[in-house]
Amino acid sequence: MGNHFRYIAILAFGLLLNGSLSATHNRAGDIVIEQINDCVGNQVRCVLTIYTKTSSAPGVDRPEMEIFWGDGSSEIVPRESGPSGVPIGNDVSINRYISTHIYPGPGRFVVSMSDPKRNDGVLNVNPPNGSGNIDFYIQTSFTLFDGQTQGCNSTPQLTNAPIGYACVGKTYTHNPGAFDPDGDSLSYELTVPLMAEDTPVPLYSFPNNIFGSSGTSTLTIDPDDGTVTWMAPEILGEYNLAFMVISWRNGVPIDTTIRDMQILVENCSDNEPPVIETIEEICVVAGDLVEFMVVATDPNPGDKIKLSAAGAPFILGISPASDFQTWRPFGTPSAVHKNQPVEKTFRWQTTCEHISDQAYIVVFTAEDDFFLDNNSGGLTSSKTVLIKVVGPPPLDVQAAANANEITVTWELPYFCENAADGFFLSFSVWRKEGDGISRDTCTTGLDGTGYVRIANTRSEANGRYTYTDVNVERGRTYCYRILAHFARQTVSGQPYNVVESLASDKVCLQLRRDAPLITHVTVNETAAINGEIEVRWEKPAADELDTLLNPGPYRYELLRATGLRDGVFQPIASFSSPTYSQLSQNQYIDQVAGLDTENSPYHYRLAFYVNNETAPLGFAPDASSVFLEIDPTDNRNDLRWTFDVPWSNDRYDVFRWNGTAWDLIAAAVQDTFYSDEGLLNGIEYCYYVQAYGFYNLTGLPSPLINLSQEVCAVPVDNVPPCPPELAVNNICDRMESCDETTDLENMLSWSNPILTCEETDDVVSYNVYFAALEGAEFVLLGNVNHPDETEFFHAPEQGLAGCYAVTALDTFANESVFSNIICVDNCPVFSLPNTFTPNGDGFNDLFTPYPFCFIDHIELHIYNRWGQLVFTTRDPDINWTGQNLQGDDLPTATYFYTCRVFEQRVMGIVERAGLLNGYIDLIR
């Protein structure tokens, strides 16, 4: 506690001193950039807003401010309000500077301003020297797009003022109410306030970590909605906080706005902040009226409350939000403190132009009148409400089947198709076999639901929107849903920031069953030469075939192709019947010589002919056998099976041969994969899979049971051990001098994976790998042939530098992946004496470095007092005899040298940072 009071006293003295020297005033601010003129001509509008201290010395608020445009130019811009800023209460004034600028072309620019100085008394900026000594600097990084091809871009508008009021010991929150007019997504990060470009203010600490605080306070920012939460201030005073609002388009950050804000912490005694009661978030369909109550109360019954709001809905050009009670903008500056409770109705009539992927942020602020007597304002609290406006679903979706196609139609006009500025883009048609999805009223789009986009369209026919799906097959049930898409557009009509609507209701349909349907392709006999497959089918439905239009005789032709799909079909059987009632053939046993069911799947096609016609009326959709494959590994077999059938398989039974019968080892498997574990390596195991499927059509058998071929495999240990954990040690780690030891080697040590990894039960040896340079290819350095020997010594050619990795091997020579790679570096030493005596007495006759190591070469130049070069060498031993370049003895004198030192490093030969220079006394 004593240190805290001493710190405050020093700071107060510094602030008094600074205040006597200069008037300081800047509290907070930000810069907003907007591309204008329909984004043609590279022109922008800049709004620089600075909040200052009203009670500062007269004239310190700038009637004009210099804006730096980031393209090498700047401009002196007059203040919008004229000779002085506009006081907004609580010793805060607002100063706004607005200008336009034309850039030479698209690019990324940093728009900035700088002004002396910040206001005095900010506790977390430059203590104890005082924040009043530090310049106020803010910037916005902005991407100017080519409006013709890339679209418009404006940085986020921050609708909530960057001045906050908090109480000691009370949780404080702030939300900037950011809104991106282009529909770009936003994220938020805390940062450090700046005093110049890329230059943080000195001695900054975040408000929760200033000197004298207990360390228990926390400060966070929600990266998604930007809410700053400080739990909870401990020391009264003024604090500055900065955060970045980052705009993202197509997953790429395009703008970064730095908001520098100020929080004033009061000692509120027994005062408690107001309480705001309202909703947290709401999702509505465009065209709905958003209406809800906001109620502000205060724990102190005598306090009055001023309730205001800020956010994107109040600044929209189309149908902005309003205060329903007074028909004035909600949060108008004329708002006054009123007796509690203060109740207001938020009212916003949404339109199609409001549709967005991003929620609109509304920040409600309640301020009491506790400090009005000393002109310090009141204690505030805020409440953030998120409002999501989604596109309405297309309505009245219908489907009709005709021959081999399905036509989907939906209501015209669509509710939002006439949105302003061509915001409505198009529809997309999505298809899925079956439906089975459950969606809430705020989830847009269909990604991840199993539906697949099959078309984009705005086609119309017969007074409805329409799409015809020709890629359909008999026997399948197709479900369709429609989405509407909205997007901003470039001048040339290219869409960007596309937004999807709510999905329509589904409509499901199947084609007429006027052709047969294959129901079974099951393997009866597994063999490489004489395999057997049974094919079964169901004849066309009588009420859909229309035998009057399609009279007999009737004929089936069964065709077969090798593989799961895309093979060459060959006819293998034909069956005829004079009448529909006699069309009873519904299966065929395919058992010709050469049918290899052991190594290949087969798929079948069934053609259906009527009335002796040469062309079939239709085909049953192709269907394949179930093909099982096994990947043997250590003590297990991994089974995978594939097929291509027109019905849906939803579960599988796995059988294994026990020597006398087939055991069911896994029932109702949902996936097409099963791992049979706990097996013995070297023993053969045999399997088959039984698939259960259905058509989801009335009148057809269910389930459809089909068997794969039988497959055998032998588990084998092909799983490598886990990698070791490597450590490397040498004299550099031990801070030993290289001239005091001949032990210039690296000691490698590693863990035995058996002791550190449960998946490893077998290690017999290790391989050691080495790369002389960082990034070079590793080569095998050596092998350690005992699992308990976990050390290796190596002396590289270039000192100690190099990179190492170790692998573990098991009995079957399975080798693990590399351990952690460790690159060790040399610790070069090179320094020069300042005196030598070349007098021939055998002592100190040569100018040489102190014992050195890990030096490749040097570039030494020695000069006399007149700047003439007298000696030079690249040899790190130097061995200068005191003679000049002509071999003459130099006199006793002081000489100057410069020396560039090139060190042997793990990344190669690298020049030491900084030039070595000094003086040499040559004494005869």
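Residues numbered from 1 in each chain as written. Predicted model: local features only at pLDDT ≥ 70, side-chain atom pairs only at ≥ 80, totals over all residues. Heavy atoms only, no water.

Draft legend 1. The arrangement of the overall build of the protein chain in detail. Tallying secondary structure elements over the protein chain gives three helices and 64 strands in all. Taking 2.2 N^0.38 as the reference for a compact globule, 924 residues should give roughly 29 Å; the C-alpha atoms of the protein chain span a radius of gyration of 40 Å, well beyond that estimate. Along the longest, intermediate and shortest principal axes, the C-alpha atoms of the protein chain span 120 × 95 × 55 Å. The buried share of the protein chain, reckoned over its 924 residues, is 50%. (Helix = DSSP H or I, 4+ residues; strand = E, 2+ residues; numbered from the N terminus. Rg over C-alpha atoms; globule rule 2.2 N^0.38 Å. Buried < 20%, exposed > 50% of the residue type's maximum accessible area, 1.4 Å probe, protein only.)

Draft legend 2. Examining the pattern of salt bridges more closely. One pass over the structure, following the stated rule, counts 30 salt bridges. For Asp 469, the salt bridge is made with Arg 431, and the minimal N-O distance between the two is 2.7 Å. Separated by 38 residues along the polypeptide, Asp 469 in strand S33 (residues 464–469) and Arg 431 in strand S30 (residues 424–433) bring together distant segments of the chain. Like Asp 469, the residue Arg 431 is buried in the burial classification. (Salt bridge = Lys/Arg side-chain N within 4 Å of Asp/Glu carboxyl O.)

Draft legend 3. Quick peek at the confidence of the model for the protein chain. For the protein chain, mean pLDDT is 90; residues scoring 70 or higher make up 94% of the total. Taken element by element, the predicted model of the protein chain shows its lowest mean pLDDT in helix H1 (residues 2–21) (34) and its highest in strand S50 (residues 704–707) (98). Note on residues 1–22: pLDDT under 50 across the span, and 18 contacts to partners over four residues away in sequence or across chains. Predicted confidence for residues 324–333 stays below pLDDT 50, and this span has 22 contacts to residues more than four positions away or in other chains. (pLDDT = per-residue confidence, 0-100. Contact = heavy atoms within 4.5 Å.)

Draft legend 4. Examining the state of the cysteines more closely. In this structure the tally under the stated criterion is eight disulfides. Linked covalently through their sulfurs, Cys 479 and Cys 508 form a disulfide whose S-S length is 2.0 Å. A torsion of 105° about the S-S bond marks the disulfide between Cys 479 and Cys 508 as right-handed. Of this pair, Cys 479 sits in strand S34 (residues 477–489) while Cys 508 is found in strand S36 (residues 507–510), placing the two residues 29 residues apart along the sequence. Given a relative accessible area of 33%, Cys 508 falls into the partly exposed group. The side chain of Cys 722 participates in a disulfide bridge whose partner is Cys 757; the two sulfur atoms lie 2.0 Å from each other. Linking Cys 722 in the loop between strand S51 (711–713) and strand S52 (726–729) with Cys 757 in the loop between helix H3 (753–756) and strand S54 (765–771), this pair joins segments that are 35 residues apart in sequence. Comparing Cys 722 with Cys 757, the two get one shared label, buried. (Disulfide = S-S within 2.5 Å.)

Draft legend 5. Highlighting the sheet that holds S54. Strand order across the open sheet formed by four strands is S55-S54-S57-S58, with antiparallel pairing between neighbours. Edge positions in the open sheet fall to strand S55 (779–784) and strand S58 (822–824), since each of these has one partner strand only. Across the sheet, the axes of successive neighbouring strands diverge by a mean angle of 25°, strand direction being ignored. Strand direction decides the pairing type here: strand S57 (residues 802–809) and S58, joined by three bridges, are antiparallel. Within S58, the residue paired with Gly 802 across the bridge is Val 824. (Pairing = 2+ DSSP bridges. Axes fitted to C-alpha atoms, helices over the stretch in contact; angles between N-to-C directions.)

Draft legend 6. Molecular detail of the sheet that holds strand S11 (residues 172–174). Overall, antiparallel pairing links the three strands, which are arranged S11-S17-S16 in an open sheet. A single partner strand is all that each edge strand has here, and the edge strands are S11 and strand S16 (218–221). With strand direction ignored, the average angle separating the axes of adjacent strands in the sheet is 10°. As paired strands, S11 and strand S17 (residues 228–231) are joined by three bridges and run antiparallel to one another. Of the residues in S17, the one forming a bridge with Tyr 172 is Trp 230.

Draft legend 7. Summary view of the environment of Leu 773. Relative to the elements of secondary structure, Leu 773 occurs in the loop between S54 and S55. Among residues more than four places away in sequence, those in contact with Leu 773 are Cys 803, Arg 905, Val 906, Met 907 and Gly 908.

Draft legend 8. Structural context of the environment of Gly 867. Looking at where Gly 867 falls in the secondary structure, it is placed in the loop between strand S60 (855–863) and strand S61 (869–873). Residues Gly 867 and Phe 896 lie 29 residues apart in sequence; the distance between their C-alpha atoms is 8.3 Å.

Draft legend 9. Inspection of the nonpolar core at higher detail. Of all hydrophobic cores here, the largest spans 50 residues; its most connected members are Phe 346, Trp 348, Phe 364, Ile 387 and Trp 410. A per-element tally of this core places S34 first, with five residues. In this structure, Leu 545, Ala 573, Tyr 580 and Leu 700 belong to the second largest nonpolar core, which totals 30 residues. (Core = buried A, V, L, I, M, F, W, Y, C linked by side-chain atoms within 4.5 Å.)

Draft legend 10. Examining the packing of aromatic side chains more closely. For the structure on display, the rule yields 40 aromatic pairs. Taking the centre distance of 5.5 Å and the plane angle of 75° together, the rings of Trp 410 and Phe 427 count as edge-to-face. Of this pair, Trp 410 sits in strand S29 (residues 405–410) while Phe 427 sits in strand S30, and the two are 17 residues apart along the sequence. Here Trp 410 matches Phe 427 in class, with each residue buried. Ring geometry for Tyr 414 and Phe 486: centres 6.3 Å apart, planes at 40°, overall tilted. Taken together, the residues span a long stretch of sequence, with Tyr 414 in the loop between S29 and S30 and Phe 486 in strand S34 at a distance of 72 residues. Judged by relative accessible area, Phe 486 falls into the buried class, the value being 0%. Here the aromatic residues Trp 410, Tyr 414, Phe 423, Phe 424, Phe 427, Tyr 465 and Phe 486 are joined through ring pairs into a cluster of three or more. The residue whose ring lies beneath Lys 539 is Tyr 580, and the NZ or CZ to ring-centre distance is 4.1 Å. Seen from the ring of Tyr 609, Arg 555 lies directly overhead, with NZ or CZ sitting 4.1 Å from the centre. (Phe/Tyr/Trp six-rings, centres within 6.5 Å; stacked < 30°, edge-to-face > 60°. Lys NZ or Arg CZ within 6 Å of the ring centre and 35° of its normal.)

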